[in-house]
Amino acid sequence: FLALTGTVGWLLSCGSGPAPAADPPQDAHQQEESQTESGDHALYLNEGKRWLVDSGMMVYLRTMESAVLNSNVQDMAAYEVLSETLQRESDLLTSNCTMKGEAHDVLHLWLVPYLDLVQAFADAETVEERSSLYTQLRDAFARFNEYFE
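Only a predicted model underlies this, so the values are computations on that prediction, with no experimental measurement involved.

## Focus on a negative patch on the surface
Working step 1: Together, Asp123, Glu125, Glu128 and Glu129 give the surface a local cluster of negative charge.
Working step 2: Position of Asp123 among the secondary structure elements: in helix α5 (residues 101–123).

Shown next, in the form of structure tokens:
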């Protein structure tokens, strides 16, 4: 619930969320980019380069990434500690949104599905569910690093 509340608060604090994406210019490589979980909008690079994320926001993103990549999750207790960290840092990230413009909108394309994943991870009731979602969280940060710096 906290992550969902944070998501709604963040979307409201940042305006109405990402503007409907105009078709960004795409080269052959960009056309191959996979779409976000919603399937509505594909992430894309900034003229072939990664988008810059404000340093104040990057702190929370790197804290979450580090928690995911460095967790030794083998049981529900360890998954719960990770889940609490992800929810706390997600709430901090969304309540401290400082970005504007196209970089902000593209970050939304990654972040909204990521926040849904954090919520699903928190709601998961078995080790098997959390294990699968944990893999998706790791993949989400690999994807983040392809598009943002």
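Having put the structure on the table, let's press on.
## Thoughts on the packing of aromatic side chains
Working step 1: Applying the stated rule across the entire model yields 9 aromatic pairs.
Working step 2: When the centroid spacing of 5.8 Å and the interplanar angle of 75° are considered together, the rings of Tyr79 and Phe121 count as edge-to-face. Of this pair, Tyr79 sits in helix α4 (residues 76–95) while Phe121 sits in helix α5, and the two are 42 residues apart along the sequence. In this pair, the class of Tyr79 matches that of Phe121, namely buried.
Working step 3: Counting every residue linked through ring pairs, the aromatic cluster contains Trp110, Tyr114, Phe141, Phe144 and Phe148.
Working step 4: Above the plane of the ring of Phe121 lies Arg130, whose end atom (NZ or CZ) is 5.3 Å from the centre.

## So, unusual backbone geometry
As a rule of thumb, non-glycine residues mostly have phi less than zero, and peptide bonds are mostly trans rather than cis.
Working step 1: A positive phi angle, close to 50°, is found at Glu47, a residue other than glycine.
Working step 2: Its location among the elements puts Glu47 in the loop between α2 (28–31) and α3 (55–70).

## What to know about α5
Working step 1: Look at α5: 33 Å from first C-alpha to last across 23 residues, which is about the 33 Å you get at 1.5 Å a residue.
Working step 2: Its maximal kink placed at Leu109, α5 deviates by approximately 30°, while the proline Pro113 follows within four residues.

## So, the nonpolar core
Working step 1: With 39 residues, the main nonpolar core has Leu86, Trp110, Tyr114, Phe144 and Phe148 as its most contacted residues.
Working step 2: Sorting the residues of this core by element identifies α3, α4, α5 and α6 (127–147) as the ones contributing at least two each.
Working step 3: For this core, the element with the most residues is α5, which contributes 11 residues.
Working step 4: Discounting residues that sit within four places of it in the chain, Tyr114 has contacts with Met64, Leu86, Ser90, Leu137, Ala140 and Phe141.

## Remarks on the packing of α5 against α6
Between two packed helices, the angle of one axis relative to the other and the distance separating the axes together describe the packing.
Working step 1: Put simply, α5 and α6 touch, their axes get as near as 10 Å, and they point 160° apart. Viewed along their axes, α5 and α6 adopt a mutual orientation that is roughly antiparallel. Considering how the two elements wind past one another, α5 and α6 form a crossing that is left-handed. The segment α5 lies against α6, with Leu107, Trp110, Tyr114, Leu117, Val118, Ala120, Phe121 and Ala122 engaging Arg130, Leu133, Tyr134, Gln136, Leu137, Ala140, Phe141, Arg143 and Phe144.
Working step 2: When the residues that make up the contact of α5 with α6 are grouped by side-chain class, the tally is 14 nonpolar, 1 polar and 2 charged.

Reading guide: rules and limits
Residues numbered from 1 in each chain as written. Predicted model: local features only at pLDDT ≥ 70, side-chain atom pairs only at ≥ 80, totals over all residues. Heavy atoms only, no water. Patch = residues over 30% accessible without salt bridge, like charges linked within 9 Å, V, L, I, M, F, W, Y side chains within 5 Å. Areas by Shrake-Rupley, 256 points an atom, 1.4 Å probe, with all protein chains shown as cover. Salt bridge = Lys/Arg side-chain N within 4 Å of Asp/Glu carboxyl O. Lys, Arg positive; Asp, Glu negative; His and termini not counted. Charge placed at Lys NZ, Arg CZ, Asp CG, Glu CD. Helix = DSSP H or I, 4+ residues; strand = E, 2+ residues; numbered from the N terminus. Phe/Tyr/Trp six-rings, centres within 6.5 Å; stacked < 30°, edge-to-face > 60°. Buried < 20%, exposed > 50% of the residue type's maximum accessible area, 1.4 Å probe, protein only. Lys NZ or Arg CZ within 6 Å of the ring centre and 35° of its normal. Expected span 1.5 Å × (residues − 1). Bend = angle between axes of the 7 residues up to and from the residue. Core = buried A, V, L, I, M, F, W, Y, C linked by side-chain atoms within 4.5 Å. Contact = heavy atoms within 4.5 Å. Axes fitted to C-alpha atoms, helices over the stretch in contact; angles between N-to-C directions. Parallel < 35°, antiparallel > 145°, perpendicular 65-115°, else oblique. Left-handed = near helix turned anticlockwise from the far one by under 90°. Nonpolar A, V, L, I, M, F, W, Y, C, P; charged D, E, K, R; others polar.

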